[in-house]
Amino acid sequence: MADLYRKNLESERRQLWATCRLKGLKRDTPERLRIVEIDRLLAEHKAKKQQPPVERGEG
């Protein structure tokens, strides 16, 4: 199954990064801050996906 959440975040990040490069935006602009936030969200999502499933005891 496709991971749409990750794909959407990566797409938004690429679009923002292209805008920042085209306009030459500095680090403290809202676009650059959003890129940092997206990087954090992607890292959290990746860590969540890599955790082994929790085994539940029957009882």
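**Student:** Got a minute to help me understand the packing of helix H1 (residues 4-23) against helix H2 (residues 30-50) in this structure?
**Tutor:** Think of two packed helices as two axes; the pair is described by the angle between the axes and how far apart they sit. With their axes 10 Å apart at the nearest point, H1 and H2 run at an angle of 155 degrees to one another. When the axes of H1 and H2 are compared, the pair comes out roughly antiparallel. In the packing of H1 onto H2, the handedness of the crossing is left-handed. Here H1 contributes Tyr5, Arg6, Leu9, Glu10, Glu12, Arg13, Leu16, Trp17 and Cys20 to the contact with H2, which in turn contributes Glu31, Arg32, Arg34, Ile35, Ile38, Asp39, Leu41, Leu42 and His45. Classifying every residue of the contact of H1 with H2 by side-chain character gives 9 nonpolar, 1 polar and 8 charged.

**Student:** What exactly am I supposed to notice about the pattern of salt bridges here?
**Tutor:** Close approach of charged atoms lets side chains of opposite charge pair. What the rule picks out here adds up to 6 salt bridges. The closest approach of N and O atoms between arginine 34 and glutamate 12, which form a salt bridge, is 2.9 Å. Of this pair, arginine 34 sits in helix H2 while glutamate 12 is found in helix H1, placing the two residues 22 residues apart along the sequence. Ionic pairing is found between aspartate 39 and arginine 13, a salt bridge with its closest N-O pair at 2.5 Å.

**Student:** Just to check I follow, could you spell out the side chain of arginine 32 for this structure?
**Tutor:** By the secondary structure assignment, arginine 32 is in helix H2. Here arginine 32 is buried and forms no salt bridge, its nearest opposite-charge partner aspartate 28 lying at an N-O distance of 8.3 Å. Residues contacting arginine 32, with those up to four places away along its chain left out, are Trp17, Cys20, Leu25, Lys26 and Arg27.

**Student:** Explain the environment of glutamate 10 here, please?
**Tutor:** Its place among the elements puts glutamate 10 in helix H1. Considering only alpha carbons, one finds glutamate 10 and histidine 45, 35 residues apart in sequence, at a separation of 12 Å.

Parameters at a glance
- Residues numbered from 1 in each chain as written.
- Predicted model: local features only at pLDDT ≥ 70, side-chain atom pairs only at ≥ 80, totals over all residues.
- Heavy atoms only, no water.
- Axes fitted to C-alpha atoms, helices over the stretch in contact; angles between N-to-C directions.
- Helix = DSSP H or I, 4+ residues; strand = E, 2+ residues; numbered from the N terminus.
- Parallel < 35°, antiparallel > 145°, perpendicular 65-115°, else oblique.
- Left-handed = near helix turned anticlockwise from the far one by under 90°.
- Contact = heavy atoms within 4.5 Å.
- Nonpolar A, V, L, I, M, F, W, Y, C, P; charged D, E, K, R; others polar.
- Salt bridge = Lys/Arg side-chain N within 4 Å of Asp/Glu carboxyl O.
- Buried < 20%, exposed > 50% of the residue type's maximum accessible area, 1.4 Å probe, protein only.
- Lys, Arg positive; Asp, Glu negative; His and termini not counted.

Just distances and angles here, no functional claims.
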